[in-house]
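Coordinate inspection notes
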Amino acid sequence: MVLASSGVVGILDPVDFLALQAIRKGLEDMPGSSFLAAWDFTADPCTFSGVLCDGDRVVALALGDPRAGSPGLQGRLDPALGRLSALAELSLVPGRVTGPVPDALARCSDLRFLALSKNLLSGPIPPTLGALIRLRTLDLSYNQLTGPIPTALAAAPALSNLILCHNQLSGPLPPFPDSSTALLRLDLKHNQLSGPVPPLPPSLQYLGLGSNALTGAVDAVLPRLTGLNFLDLSSNQLQGPIPGSVFALPLAMLQLQRNAFSGPVAPEGDVVIPVVDLSYNRLWGRLPPQLAAVGRLYLNNNRFTGEVPSRLVQGLTNGMQLLYLQHNFLTGLEIGPAAAATIPVGASLCLQYNCMAPPFDAPCPLKAGTQRMRPVDQCPDWRG
């Protein structure tokens, strides 16, 4: 027990008491916040806002006012956090906390939940966090972390959610144990990761790798991930074919744009994903009519040829809101101008800069440019 200077008897373990004092000294309220101002160590720290105790030990620590829009904290995270040896949950509200993620957190062997997102934390991710065998969620997103993703972290046996997006992490993706059944969410978007996408656990439901510098093919990786409900591989340098199986996934959005994917697009059946974006790739062949039920379909800036299937254009009369086909090598429509006139006013069909003169005027985005069709010398199959 701790006897505070005012004579108030506290029940908190003395090691935890001193650790909280050190943590408090490293942090301060941002203007408009009074979260830490209420931490009066003449009282029992187990009554402090954000502190949860079980008996005489701190088991959860939520630093900062969790209400939306509340100012966060500034300062640094003290390594004394590692002395809270019974700690199971640690979170930090968005703010301006700087410095490294304390390596000492690896001593919190019961830690299950660690969320320090939307601050200014920098430096590498401590590899020792991979030794936390009970860790289920690690969220270090929206910081300024650098260096590689530790291999030991990818092998953490209980890890379900690994959220490291919007940092400056670099190097290859670490190998993930093929036998893992725990990992559900892998969010690494908006980093500087490079190299190929390794085999990933089939347990994944959320895969976010967009806006990195990843290379190589994914046609051997994606078919194993049959449980995905979110997939973003956009803005990388990925190559090779798009496996037809991805179009059968229960996704709200399929984001494969701005890569170097090539080959024909061959869904295994009719596609019902609300948004499919395959733009800015090197895809070729005929447009697949199986995409007619997609709500918003971006196929622009590829190398598609032939006529636009009638099913695709008719999709605009059956609920499709947008069909972008500009900057391809398409040579016509399988329907005439009269049928095209039935396209609803609110639907968008862009055919600009293909190997045909668009049969009717339709609104196109500014990025489509002002040229209505390609130069004839780029269109060997065009008949005029």
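Going by the structure above, here's the rest.
These notes cover the structure that comes with them. For every chain, the first residue of the written sequence is number 1, and numbering continues from 1 along that sequence. Side-chain atom pairs in this predicted model are given and counted only at pLDDT of 80 or more, local residue features only at pLDDT of at least 70, and totals for whole chains, interfaces and linings cover all residues. Only heavy atoms go into the side-chain values, all of them from the structure, while hydrogens and water stay out.

Re the overall build of the protein
Along the protein, the regular secondary structure elements total 4 helices and 29 strands. Note on method: radius of gyration uses C-alpha positions; expected globular size equals 2.2 Å times residues raised to 0.38. Taking 21 Å as the expected radius of gyration for a compact globule of 384 residues, we find that the protein reaches 27 Å, considerably beyond that expectation. Taking the principal axes of its C-alpha atoms as reference, the protein extends roughly 95 × 45 × 30 Å. Looking at the protein as a whole, 52% of its 384 residues are labelled buried. The contacts in the protein between residues at least 6 apart in sequence include a share of 45% that link residues at least 24 apart. Residue burial considers only the protein chains on display, and all accessible areas are found by Shrake-Rupley using a 1.4 Å probe. Accessible surface for the protein amounts to roughly 16500 Å². Of this, 55% is attributable to carbon and sulfur atoms. For this count, His and the chain ends are skipped, Lys and Arg are scored as positive, and Asp and Glu as negative. Every charge is mapped onto a representative atom, which is NZ of Lys, CZ of Arg, CG of Asp or CD of Glu. Where the 25 positive side-chain charges of the protein centre and where its 26 negative ones centre are 5 Å apart. Secondary structure elements are defined from DSSP: runs of H or I of at least 4 residues count as helices, runs of E of at least 2 residues count as strands, and each element is numbered from the N terminus. Partly exposed describes any residue whose relative accessible area lies between the buried limit of under 20% and the exposed limit of over 50%, with all areas from a 1.4 Å probe on protein chains only and scaled to the type maximum. Note on contacts: a residue pair qualifies if any of its non-hydrogen atoms lie within 4.5 Å across the two residues.

Here we look at the packing of aromatic side chains
Pairing of aromatic side chains here covers Phe, Tyr and the six-membered ring of Trp, requires ring centres within 6.5 Å, and sorts the geometry by plane angle: under 30 degrees stacked, over 60 edge-to-face, intermediate tilted. Taken as a whole and assessed by the stated rule, the structure comprises 7 aromatic pairs. With centroids separated by 5.6 Å and ring planes inclined at 80°, the aromatic side chains of phenylalanine 17 and phenylalanine 41 adopt a geometry described as edge-to-face. Note that phenylalanine 17 is positioned in helix H1 (residues 14–26) and phenylalanine 41 in the loop between strand E3 (27–29) and strand E4 (51–54), a separation of 24 residues in sequence. Three or more aromatic residues joined by ring pairs form one cluster here, namely Phe17, Phe35, Trp39, Phe41 and Phe48. The positively charged end of arginine 185 is found above the aromatic ring belonging to tyrosine 206, 3.8 Å away from the centroid. One cation-aromatic arrangement involves arginine 374 over phenylalanine 329; the distance from NZ or CZ to the ring centre is 3.8 Å. In our convention, an over-ring charge means Lys NZ or Arg CZ found within 6 Å of a ring centre and within 35 degrees of that ring's normal.

Here we look at unusual backbone geometry
It is generally the case that most residues other than glycine have a negative phi and that most peptide bonds are trans. One non-glycine residue, serine 211, lies in the positive phi region at around 60°. Looking at where serine 211 falls in the secondary structure, it is placed in the loop between strand E17 (206–208) and strand E18 (213–217).

Here's the deal with empty space enclosed by the protein
Cavity and pocket criteria rest on a 1 Å grid covering protein atoms alone: a 1.4 Å probe that fits but cannot get out defines a cavity, protein on both sides within 12 Å along at least 5 of 7 lines defines an open pocket, and an atom within 4 Å of a point defines a lining residue. Grid points are joined across faces, edges and corners, and a volume is the space filled by probe spheres set on the points. Taken as a whole and assessed by the stated rule, the structure comprises 2 cavities of 30 Å³ or more. Estimated volume of the largest cavity: approximately 50 Å³. Taken together, the residues of the lining of the largest cavity sort by class into 8 nonpolar, 1 polar and no charged. Asp, Glu, Lys and Arg are counted as charged, while Ala, Val, Leu, Ile, Met, Phe, Trp, Tyr, Cys and Pro are counted as nonpolar; the rest, among them Gly, fall into the polar class.

So, the layout of surface pockets
Once rolled over the atoms, a probe with the size of a water molecule shows which space is left empty. When its volume is computed, the largest pocket comes out at roughly 180 Å³. Taken together, 14 residues line the largest pocket, and the ones lying closest to its centre are Arg258, Tyr280, Asn300, Tyr324 and Lys367. When the residues that make up the lining of the largest pocket are grouped by side-chain class, the tally is 5 nonpolar, 6 polar and 3 charged.

So, H1
How far a helix is expected to stretch is found by multiplying one less than its residue total by 1.5 Å. Compared with the 18 Å implied by 1.5 Å per residue over 13 residues, the 19 Å span of H1 between its first and last C-alpha is a close match. Turning to H1, its buried residues are Asp16, Phe17, Ala19, Leu20, Ala22 and Ile23. The N-cap residue of H1 is aspartate 13: its side-chain oxygen and the backbone nitrogen of valine 15 are 2.8 Å apart. Identification of polar contacts relies on pairs of N or O atoms within 3.5 Å, with a donor-acceptor requirement for protein atoms, meaning one able to donate a hydrogen and the other able to accept it, and with residues adjacent in sequence counted only if both atoms are side-chain atoms.

Some points on the nonpolar core
Among buried residues, the Ala, Val, Leu, Ile, Met, Phe, Trp, Tyr and Cys ones that are joined through side-chain atoms within 4.5 Å form a nonpolar core. Ranked by size, the top nonpolar core spans 104 residues in total, and within it Leu61 and Leu207 carry the most contacts. When residues of this core are assigned to their parent elements, the largest contribution, 5 residues, is made by H1. With near-sequence residues (within four places) excluded, leucine 61 lies in contact with Leu20, Ile23, Trp39, Gly50, Val51, Leu81, Leu84, Leu87, Glu89, Leu90 and Ser91.

Points about the state of the cysteines
Any cysteine sulfur atom paired with another within 2.5 Å is treated as part of a disulfide. Here the structure, examined in full by the defined rule, presents 3 disulfides. Linked covalently through their sulfurs, cysteine 355 and cysteine 379 form a disulfide whose S-S length is 2.0 Å. Its S-S torsion of approximately -75° makes the covalent link between cysteine 355 and cysteine 379 left-handed. Of the two residues, cysteine 355 is situated in the segment after strand E29 (348–350) and cysteine 379 in the segment after E29; the sequence distance between them amounts to 24 residues. Disulfides within the protein link the bonded cysteines, taken in sequence order, as 1-2, 3-5, 4-6. Considering cysteine sulfurs only, cysteine 53 is the nearest to cysteine 108, which forms no disulfide, with 14 Å between them.

Things to note about the environment of tyrosine 280
By secondary structure assignment, the location of tyrosine 280 is in the loop between strand E23 (275–277) and strand E24 (282–285). Using a relative accessible area of 27% as the deciding quantity, one classes tyrosine 280 as partly exposed. Each residue touching tyrosine 280, except ones within four places of it in the same chain, is listed here: Arg258, Asn259, Asn300, Asn301, Asn302 and Lys367.

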